[in-house]
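# Structure assessment
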Amino acid sequence: MSIQVNERYKLTYRKAKHKLAKLQKQLCRRTKAGKNREKIKLKLARCHYRISNIRSDNLHKLTTYLAKNHGEVWVENLNVSGLLKNHKLAGAISDCGFYEFKRQLEYKTQWYGSKLCLVDRWFPSSQLCSSCGASQSMPLCKRLYECKACNLSINRDLNASINILNYARIAQSCKPSDGSLLPCSKLGTELQDYIH
């Protein structure tokens, strides 16, 4: 069900963004004090409002689904301001609303009795091999993780999610008495042992 919702969201969001671009182009072609410009301004405001509602609706559906159907949700604590400095990805990242996603997950996991856990932002989830634990540099343009040590070829995001799952298992077994998570430097050796 969540895959169908996601596909529907992508389609409606793309259509709305396309309409927004069209309306912005029309607005800049209108004369400054004209009535037609005011009409286009109103249409543009409605389009912005619709896009905002589409994003909000998708975030609420996704976070509710995760909080209701999973006992634990592990999320990477990403450095979003650092990611936004890459201008090729900035639009897509800001559209996702990472902060709002995390904020909604925090209160919804409390509502539904599940647990939200954060992965350390410096944990190299996409740079470690999920099969053997070898580390290699992964630029953003590479979408396929190819391990030279064990010849594993896997999608970059799938590899990162498996590493986060392994991180979660280890972090729970090595949890200090005060309930905090171990830093990723200490978890690195534990992860190597867990994979082997």
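Computed from a prediction, not measured in an experiment: that's the story for all the values here.

### Quick look at the side chain of Thr-63
Relative to the helices and strands, Thr-63 is located in helix H2 (residues 35-69). A relative accessible area of 0% places Thr-63 in the buried class. Engagement of the side chain of Thr-63 in a polar contact is seen with the side chain of Gln-104, the distance being 3.0 Å. Filtering out sequence-adjacent residues up to four positions away, Thr-63 remains in contact with Phe-101, Gln-104, Leu-105 and Lys-108.

### What to know about the environment of Asn-69
Residue placement: Asn-69 occurs in helix H2. Relative accessible area serves as the criterion here: at 47%, Asn-69 is assigned to the partly exposed category. Remark: the alpha-carbon pair of Asn-69 and Ser-114, spanning 45 residues in sequence, is separated by 8.7 Å.

### Description of the pattern of salt bridges
Considering all chains together, one arrives at six salt bridges under this definition. Here Arg-103 makes a salt bridge to Glu-100, at a shortest N to O gap of 2.7 Å. Of this pair, Arg-103 and Glu-100 are both found in helix H5 (residues 98-111), three residues apart, which corresponds to roughly one turn of the helix. For Arg-103, a relative accessible area of 32% translates into the label partly exposed. Given the relative accessible area of 26%, Glu-100 is considered partly exposed. With its nearest N and O atoms 2.9 Å apart, the salt bridge here joins Asp-157 to Arg-143. Taken together, the residues span a long stretch of sequence, with Asp-157 in helix H6 (residues 156-173) and Arg-143 in the loop between strand E2 (115-119) and strand E3 (144-146) at a distance of 14 residues.

### A word on H5
With 14 residues, H5 should reach 20 Å at 1.5 Å per residue; the first-to-last C-alpha distance of 20 Å fits that figure. Listed as buried for H5 are Phe-101, Gln-104, Leu-105, Lys-108 and Thr-109. Along the axis of H5, the buried residues cluster in a sector spanning 125°; they form a single face. Turned more than 90 degrees away from the buried face of H5 sit Tyr-99 and Gln-110, all of them exposed. Here the buried face of H5 lies against H2, strand E1 (72-76) and E2. One or two steps after H5, the chain reaches Gly-113, where phi turns positive at roughly 75°.

### Focus: the nonpolar core
Counting 11 residues, the largest nonpolar core consists of Tyr-9, Tyr-13, Ala-16, Leu-20, Leu-23, Leu-27, Ile-40, Leu-44, Cys-47, Ile-51 and Ile-54. Among the elements of the structure, helix H1 (2-29) and H2 are those that each provide at least two residues to this core. The dominant element in this core, judged by the number of residues it contributes, is H1, at six residues. Trp-74, Ile-164, Tyr-167 and Ala-171 belong to the second-largest nonpolar core, a separate cluster that totals nine residues.

### Describing the environment of Ile-162
With respect to the helices and strands, the residue Ile-162 is situated in helix H6. The spacing of Ile-162 and Cys-129 is 33 residues in sequence and 9.2 Å in space, taken between C-alpha atoms. Discounting chain neighbours no more than four positions away, the residues touching Ile-162 are Ser-130 and Ile-154.

Procedures and definitions
- Here the residue numbers are simple positions, counted from 1 along each chain's written sequence.
- For this predicted model, a pLDDT threshold of at least 70 governs which residues receive local features, and a threshold of 80 or more governs which side-chain atom pairs are given and counted, while totals over whole chains, interfaces and linings are taken from all residues.
- The basis for every side-chain value is the complete set of heavy atoms in the structure, and neither hydrogens nor water enter the calculation.
- To qualify as a helix, a DSSP run of H or I must reach at least 4 residues; to qualify as a strand, a run of E must reach at least 2; elements of each kind are numbered from the N terminus.
- Think of it in three bands: residues with accessible area under 20% of the maximum for their type are buried, residues over 50% are exposed, and the middle band is partly exposed, with areas taken using a 1.4 Å probe on protein chains only.
- Two N or O atoms form a polar contact when they lie within 3.5 Å of each other; inside protein one atom must be a possible hydrogen donor and the other a possible acceptor, and for residues adjacent in sequence the pair counts only when both atoms belong to side chains.
- Working rule for contacts: check all heavy atoms of both residues, and any pair within 4.5 Å makes them a contact.
- The salt bridge definition used is simple: a Lys or Arg side-chain nitrogen within 4 Å of an Asp or Glu carboxyl oxygen.
- Here the expected span of a helix is defined as 1.5 Å times the quantity of residues minus one.
- Directions drawn from the helix axis to the C-beta atoms are what define this arc.
- The definition of a nonpolar core used throughout is a set of buried Ala, Val, Leu, Ile, Met, Phe, Trp, Tyr and Cys residues joined through side-chain atoms within 4.5 Å.

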